[in-house]
Amino acid sequence: MSSAMPPYPPNPSAPQWGMQHPTAHSPAPLPPGKPSRRKAWLTHGAVGVVALFLGTAAGGGGAEADGNSVPAPAATVTATAKAAAPAPTVTVTATKTVTAKPPKPKGPATSVAGDGEYLVGTDMKAGTYRTAGPDGSLCYWERAKDSTGDFDSIIANNNLQGSGRVTVRKGEVFKTTGCQKWAKVG
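Residues numbered from 1 in each chain as written. Predicted model: local features only at pLDDT ≥ 70, side-chain atom pairs only at ≥ 80, totals over all residues. Heavy atoms only, no water.

Looking now at the pairing of strand β7 (residues 173–177). Of all five residues in β7, four are buried, a share of seventy percent or more. Inspection of the sheet shows strand β2 (residues 116–119) paired to β7 by four bridges, in the antiparallel sense. If you follow leucine 119 over to β7, its bridge partner there is valine 173. Taken together, the five bridges between strand β4 (residues 139–144) and β7 define a ladder with antiparallel strand orientation. (Buried < 20%, exposed > 50% of the residue type's maximum accessible area, 1.4 Å probe, protein only. Helix = DSSP H or I, 4+ residues; strand = E, 2+ residues; numbered from the N terminus. Pairing = 2+ DSSP bridges.)

Here is the structure:
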């Protein structure tokens, strides 16, 4: 005799393995071909663990080297620097102060040195000149008709021991010796 038990008919109210109770509140069944979230997490997690083990086994996983391993490539760091703007161009402006010289009087001079021979109208202006007197011991002046030096060409002359004046006319020659500067006063 066999002690096998006869098969029981399935109990529709008893939960089956992998099935939920019909009265339980559960979400609507997923459309065919789309896995559940739980199944997706389990699948991805399992793939990740397997990849971790394979990566550790392939890389040696330990501190011992077998001599055939290839060193890992060195890390490369690339730094990007912002270029500095060029310095502005500097322009230097130099300023020079120039003192203007008084304009040279047009025509003959209005003063003459104490020694010399001057043509009135060309070398000196016609008019009255004054001197402070001798530059040393003697001051001589002479008005002449020409520059020949002849005694007959002398118009007037004098020896001064102090200050003095003389009036000269255009075309005459004025000679002075040992006197201080002569300046036009009139």
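Core analysis: the largest hydrophobic core is formed by 13 residues, its most contacted members being Val112, Met124, Trp141, Val168, Phe174 and Trp182. Among the secondary structure elements, those contributing two or more residues to this core are β4 and β6 (164–168). Apart from the residues lying within four places of it in its own chain, the contact partners of valine 168 are Val120, Met124, Lys125, Ala126, Gly127, Tyr129, Arg143 and Phe174. (Core = buried A, V, L, I, M, F, W, Y, C linked by side-chain atoms within 4.5 Å. Contact = heavy atoms within 4.5 Å.)

All right, on to the sheet that holds strand β8 (residues 182–184) then. Taken in spatial order, the four strands of this open sheet run β1-β8-β3-β6, and their pairing is antiparallel. If you trace the sheet from one side to the other, it starts and ends with β1 (111–112) and β6, each paired once.

By the definition in use, this model includes three salt bridges. For lysine 175, the salt bridge goes to glutamate 117, with nearest N and O atoms at 3.9 Å. Of this pair, lysine 175 sits in strand β7 while glutamate 117 sits in strand β2, and the two are 58 residues apart along the sequence. The buried category is assigned to lysine 175, whose relative accessible area is 16%. For glutamate 117, a relative accessible area of 44% puts it in the partly exposed group. Where salt bridges share partners, they join Glu117, Glu142 and Lys175 into one cluster. (Salt bridge = Lys/Arg side-chain N within 4 Å of Asp/Glu carboxyl O.)

A word on the state of the cysteines. Enumeration according to the criterion identifies one disulfide in this entry. Between the sulfur atoms of cysteine 139 and its disulfide mate cysteine 179 the distance is 1.7 Å. Looking down the S-S bond of the cysteine 139 and cysteine 179 bridge, the torsion is 100 degrees, so its handedness is right-handed. In this pair, cysteine 139 is assigned in strand β4 and cysteine 179 in the loop between β7 and β8, connecting sequence segments 40 residues apart. One exposure class covers both cysteine 139 and cysteine 179, and it is buried. (Disulfide = S-S within 2.5 Å.)

Here we take up the environment of asparagine 158. Along the polypeptide, asparagine 158 turns up in strand β5 (residues 154–160). Looking at asparagine 158, the relative accessible area reads 37%, which means it is partly exposed. Asparagine 158 sits 16 residues away from glutamate 142 along the chain, and the two C-alpha atoms are 6.7 Å apart.

Another point: the sheet that holds β5. The antiparallel open sheet is built from four strands, whose spatial order is β2-β7-β4-β5. Each edge of the open sheet carries a strand with a single partner, namely β2 and β5. Pairs of neighbouring strands in the sheet enclose a mean axial angle of 15 degrees, with direction left out of account. (Axes fitted to C-alpha atoms, helices over the stretch in contact; angles between N-to-C directions.)

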